[in-house]
Every structure is written in structure tokens, then in C-alpha cells.
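Next come the chains, spelled out residue by residue.
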Amino acid sequence: MINAKKNIRYFLYKYTPVFLLFTSILNEIDFNNLGVKYFSFNFVYILIFYYNLKRDGGIGYIFIFIAGLFNDVINGIPMGISSLCYLLLCFFAAYLRNI
């Protein structure tokens, strides 16, 4: 019973950022449209940077690439642009973590 609880906690610890990432991309959570003047940020960028800076495994480059493709399809921009930006952000976070 204790081992099953540890497995559930490990699963939640590992995949909660992935669920947050896909939820925020599919729901188009964008704080630029709140109506507050001079206040905007992109939650997806913060999420990707934080979890790749915090953990060695991060979210996973494959998940981030697929999330970028979903974002391109939803927003109607050419395929791969968001994926490239997200992966560059991941590589920058990995570089900062290793310094």
C-alpha cells in the first residue's frame, strides 16, 4: 500500500507540469488580454523555463515540441515556430542550470 502511494506521488510529481503545459496551450491561457494596462506575460514560457531550470529531466523535449506544434495549429502560424522558440528556451534554461 505504501509503495502504491509513492508511485502515485511520483507520477503526479513527474507529469503535473506536462498537464499544465498542454492545458495552458489548448485553452490559450494568455494574460495579455486581461485589460490591465502595461501588464502581460506568457504563462507557457514561464512554465517551460521554470521546470527545465528546476529539474534535470525538466518537462521533456518531446512533450515541449509537441506542445509547440499544438500551439502553432491553434494560433494559425507556420508549423514549428513555437516549437523552435520553446526548445530554445529549454536549451537556455539547461545552459543556465549547468553554469
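The structure displayed is predicted, hence computed values, not measured ones. (Residues numbered from 1 in each chain as written. Predicted model: local features only at pLDDT ≥ 70, side-chain atom pairs only at ≥ 80, totals over all residues. Heavy atoms only, no water.)

Undergrad: Could you give an account of the packing of helix H3 (residues 61-75) against helix H4 (residues 81-98), with specific residues and numbers?
TA: At a minimum axis distance of 7 Å, the contact between H3 and H4 shows a crossing angle of 145°. When you trace H3 past H4, the crossing you get is right-handed. Residues Tyr-61, Ile-64, Phe-65, Ala-67, Gly-68, Leu-69, Asn-71 and Asp-72 of H3 form the contact with H4, whose own contacting residues are Ile-81, Ser-82, Ser-83, Tyr-86, Leu-87, Cys-90, Phe-91 and Ala-94. Across the contact of H3 with H4, the residue classes break down as 11 nonpolar, four polar and one charged. (Axes fitted to C-alpha atoms, helices over the stretch in contact; angles between N-to-C directions. Helix = DSSP H or I, 4+ residues; strand = E, 2+ residues; numbered from the N terminus. Left-handed = near helix turned anticlockwise from the far one by under 90°. Contact = heavy atoms within 4.5 Å. Nonpolar A, V, L, I, M, F, W, Y, C, P; charged D, E, K, R; others polar.)

Undergrad: Give a detailed account of a nonpolar patch on the surface, specifying residues and quantitative values.
TA: Together, Leu-26, Ile-62, Phe-65, Ile-66, Phe-70 and Ile-74 make up a nonpolar patch on the protein surface, roughly 530 Å² of accessible area in all. Looking at which element gives the most residues to the nonpolar patch, the answer is H3, with five residues. Within the secondary structure, Leu-26 is located in helix H1 (residues 2-26). (Patch = residues over 30% accessible without salt bridge, like charges linked within 9 Å, V, L, I, M, F, W, Y side chains within 5 Å. Areas by Shrake-Rupley, 256 points an atom, 1.4 Å probe, with all protein chains shown as cover. Salt bridge = Lys/Arg side-chain N within 4 Å of Asp/Glu carboxyl O.)

Undergrad: Any details on the nonpolar core? Residues and values, ideally.
TA: If you look at the biggest cluster of nonpolar residues, it comprises 15 residues, and the most contacted ones within it are Leu-21, Ile-25, Val-44, Ile-48, Ile-59, Ile-64 and Tyr-86. Of all the elements in the fold, those that place two or more residues in this core are H1, helix H2 (43-54), H3 and H4. Ignoring anything within four residues of it in the chain, the contact list for Ile-59 reads Pro-17, Val-18, Leu-21, Leu-47, Ile-48, Tyr-51, Asn-52 and Ile-64. (Core = buried A, V, L, I, M, F, W, Y, C linked by side-chain atoms within 4.5 Å. Buried < 20%, exposed > 50% of the residue type's maximum accessible area, 1.4 Å probe, protein only.)

Undergrad: Can you tell me about H2, naming the residues and giving the values?
TA: Here H2 spans 16 Å end to end across 12 residues, near enough to the 16 Å set by a 1.5 Å rise per residue. Listed as buried for H2 are Val-44, Leu-47, Ile-48, Tyr-51 and Asn-52. Buried residues in H2, looked at end-on, bunch into an arc of 110°, giving them a common side. With a side-chain oxygen positioned 3.3 Å from the backbone nitrogen of Val-44, the residue opening H2 is Asn-42. (Expected span 1.5 Å × (residues − 1). Arc of directions from axis to C-beta. Polar contact = N/O pair within 3.5 Å; in protein donor to acceptor, adjacent residues only side chain to side chain.)

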